[in-house]
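These are the residues of each chain, in order.
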Amino acid sequence: MSVLPEYPQARSCPFHPASGYADYAPVSKVRLYNGREVWAVTGHAEARQVLLDPATYSSDRVHPHYPALAPRFESARKVRNFIGMDPPEHTAQRRMLLSSFTVKRTNALRPRIQTLVDGLLDEIEAKGPVADLVPDFALPVPSIVICELLGVPYADHAFFEHQSRRVVTGSTTLEESADAFAQLKAYLDELIQRKQREPGDGLLDTLIAEQVATGGLTRAELVDIALLLLVAGHETTASAIALGVVTLLEHPHQLAALRSDPRLLPTAVEELLRFMAIADGIARFATADADLAGHRVRAGDGVVVVIATANRDGEAFPSPAAFAVDRGARHHVSFGHGVHQCIGQNLARAEMEIALGTLFRRLPGLRLARDLADLPIKEAGGVQGVWELPVTW
Amino acid sequence: MRISADQGRCLGAGQCVLSAPDRFDQSELGLVEVLDPEVPEGDEQRFRDILDLCPSQALSLEA
């Protein structure tokens with residue numbers, strides 16, 4: 001019997017999918033770190049088929065059939081929130097949050113994000129080159145924004161950024177991730193209890209007043225929701241901003257096109273989202289037998305939707321390996337698809353547009369201070385990107 | 001053709017508002033509102049593409 005290919009595989013260039021995924025298309029069996037065999041779905045149409053059918057392809061993280069793509073997913077089973085639930089449980093929780101993430105509400109945050117970005121760039125310019133844009137720029141922008149939105153004190157950022165990294169990094173061990181989840185839960189539980197005594201004006205305060213006080217959510221449920229919003233609210237966008245800088249610098253003609261026409265910024269960000277695929281893959285498990293691209297998927301089978309390759313499917317995107325800031329295609333699956341599609345996607349778009357647009361306008365001579373090949377790439381099986389981004393200008 | 005929206009399916013991703021802000025909005029609860037449902041003749045494919053982006057399949061075209 002031949003040995004199945006492994007999922008996940010590490011990227012050799014931070015903005016390209018691992019080359020090994022090319023052999024899987026569009027649906028094939030792969031082996032996870034723990035030896036379990038699951039279906040890898042790499043085609044775009046097949047990815048949408050799975051993600052649009054939550055009745056057949058469940059997100060229930062607690063269920064033993066839900067596949068752990070990396071060790072930390074075993075610890076994540078103890079965190080119960082809507083990302084790991086199916087409808088109707090999922091729907092009820094997600095709806096409690098929707099009003100805070102509309103296009104209008106996120107656009108209303110733009111002036112604040114602009115002020116924040118301007119201030120960080122003032123500091124970077126004052127200090128002079130070389131700057132590491134990960135800690136000095138890409139991380140604080142979304143971290144401060146999500147703190148203000150939720151009502152989490154940014155003064156605690158060193159703690160929650162460190163713990164968040166441990167729960168989104170591919171190489172995190174079972175023990176490390178269990179400890180990080182436990183620390184984040186304890187921190188948020190204490191914060192929420194404090195807010196119950198002394199209310200503030202963040203989304204967590206609103207949820208305490210509207211849901212916890214009326215029995216719509218228990219405090220423990222709110223802790224798990226807060227954990228998701230806090231972690232997903234900064235670590236992914238931080239990776240996207242930093243890797244967006246790298247991707248634009250490594251495609252100078254595209255960067256020049258964007259500079260000559262700043263109105264391209266929204267489509268350029270959309271193309272970065274498609275091209276980079278920060279979230280490499282999404283797990284599901286089959287609740288019933290199903291047909292998938294001619295394969296017979298059995299009830300209980302694990303499935304991983306490979307976002308990075310679905311976004312490079314030539315059937316869905318002409319010249320898929322080309323990075324084109326004027327492509328104007330929004331049907332990528334970088335935010336997922338179906339009922340679980342990212343609730344914070346419009347906030348992420350706003351943060352990326354303002355951060356990248358302002359950075360390249362203010363520092364026209366921006367360039368990498370280290371070769372692309374020497375930038376440390378984030379490990380397989382977690383949020384993708386670079387750990388460091390030394391630049392000069 | 002007319003655009004029909006099912007608020008019961010909507011999960012507030014906002015794709016419709018991004019695609020056609022003159023046609024779609026979101027309510028205070030974050031759910032889809034159709035500002036103008038009429039699809040002019042010849043524009044059907046453009047709207048099918050927009051509706052296809054809806055992750056919760058809350059939008060459809062009706063005769």
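Keep in mind that what you see is a predicted model, and the values were worked out from it rather than measured. (Residues numbered from 1 in each chain as written. Chains lettered and ligands numbered in written order. Predicted model: local features only at pLDDT ≥ 70, side-chain atom pairs only at ≥ 80, totals over all residues. Heavy atoms only, no water.)

Caption draft 1: Representation of the overall build of chain A within the structure. A count of helices and strands for chain A gives 15 helices and 10 strands. Against the 2.2 N^0.38 benchmark of 21 Å for 393 residues, chain A shows a C-alpha radius of gyration of 20 Å, consistent with a compact globule. Taken over the C-alpha atoms alone, chain A extends approximately 60 × 55 × 35 Å along its principal axes. Here chain A, with 393 residues, has 59% of them falling under the buried criterion. Of the contacts made within chain A by residues no fewer than 6 positions apart, 72% connect residues no fewer than 24 positions apart. For chain A, the accessible surface area stands at approximately 15,100 Å², while carbon and sulfur atoms represent 54% of it. (Helix = DSSP H or I, 4+ residues; strand = E, 2+ residues; numbered from the N terminus. Rg over C-alpha atoms; globule rule 2.2 N^0.38 Å. Buried < 20%, exposed > 50% of the residue type's maximum accessible area, 1.4 Å probe, protein only. Contact = heavy atoms within 4.5 Å. Areas by Shrake-Rupley, 256 points an atom, 1.4 Å probe, with all protein chains shown as cover.)

Caption draft 2: How the structure looks around the overall build of chain B. Per the secondary structure count, chain B includes 2 helices and 4 strands. Going residue by residue from the N terminus, the α and β elements of chain B occur as β-α-β-β-α-β. What you see for chain B is a C-alpha radius of gyration of 11 Å, in line with the 11 Å of a compact globule of 63 residues. For the C-alpha atoms alone, the extent of chain B along its principal axes is close to 35 × 20 × 20 Å. Per-residue burial over chain B gives 48% buried out of 63 residues. Taking contacts inside chain B between residues at least 6 apart in sequence as the whole, the part at least 24 apart equals 57%. For chain B, the exposed area adds up to about 3,200 Å²; of that, 45% sits on carbon and sulfur atoms. Across chain B, the centroid of the 5 positively charged side chains sits 4 Å from that of the 13 negatively charged ones. (Lys, Arg positive; Asp, Glu negative; His and termini not counted. Charge placed at Lys NZ, Arg CZ, Asp CG, Glu CD.)

Caption draft 3: Geometry of the pattern of salt bridges. For the coordinates displayed, the defined rule picks out 28 salt bridges over all chains. Its salt-bridge partner being Glu89 of chain A, residue Arg80 of chain A comes within 3.2 Å of it at the nearest N-O pair. Looking at Arg80 of chain A, the relative accessible area reads 25%, which means it is partly exposed. In this structure, the salt-bridge partner of Glu38 of chain B is Arg2 of chain B, at a minimum N-O distance of 2.4 Å. Pair noted here: Glu38 of chain B is in the loop between strand E3 (32–34) and helix H2 (44–52) and Arg2 of chain B is in strand E1 (residues 2–5), with a separation of 36 residues, a long-range link. A relative accessible area of 41% means that Glu38 of chain B is categorised as partly exposed. Linked by salt bridges that have partners in common, Asp118, Asp122, Glu125 and Arg362 of chain A make up one network. (Salt bridge = Lys/Arg side-chain N within 4 Å of Asp/Glu carboxyl O.)

Caption draft 4: Molecular detail of the nonpolar core. Residues Phe137 and Leu389 of chain A together with Phe24 of chain B are the most contacted members of the largest nonpolar core, which totals 110 residues. Examining the composition of this core, we find that 17 residues originate from one element, helix H11 (residues 219–249) of chain A, more than from any other. Not counting chain neighbours up to four residues away, the residues in contact with Leu389 of chain A comprise Ala131, Asp132, Leu133, Val134, Ala242, Val245, Val246, Leu368 and Leu375 of chain A. (Core = buried A, V, L, I, M, F, W, Y, C linked by side-chain atoms within 4.5 Å.)

Caption draft 5: How the structure looks around the sheet that holds strand E9 (residues 367–368) of chain A. Within the open sheet, the 3 strands sit side by side as E4-E10-E9 (chain A). Their pairing is antiparallel. The open sheet has two edge strands, strand E4 (131–132) and E9 of chain A, and neither has a second partner. (Pairing = 2+ DSSP bridges.)

Caption draft 6: Just the interface of chain A and chain B, in detail. With 20 residues of chain A at the contact, the number on the chain B side is 24 residues. Between chain A and chain B lies a buried interface of about 1,800 Å² when both sides are counted; carbon and sulfur atoms form 50% of it. Seen at the junction of chain A and chain B, the total is 2 salt bridges. A salt bridge links Asp52 of chain B to Arg48 of chain A, with the nearest nitrogen and oxygen atoms 3.0 Å apart. On inspection of chain A and its partner chain B, the count reaches 13 residue pairs in polar contact (both at pLDDT 80 or more). Elements with a contribution of two residues or more to the side of chain A that touches chain B: helix H3 (89–95), helix H4 (103–108) and helix H15 (345–362) of chain A. (Buried area = accessible area lost by both parts, 1.4 Å probe. Polar contact = N/O pair within 3.5 Å; in protein donor to acceptor, adjacent residues only side chain to side chain.)

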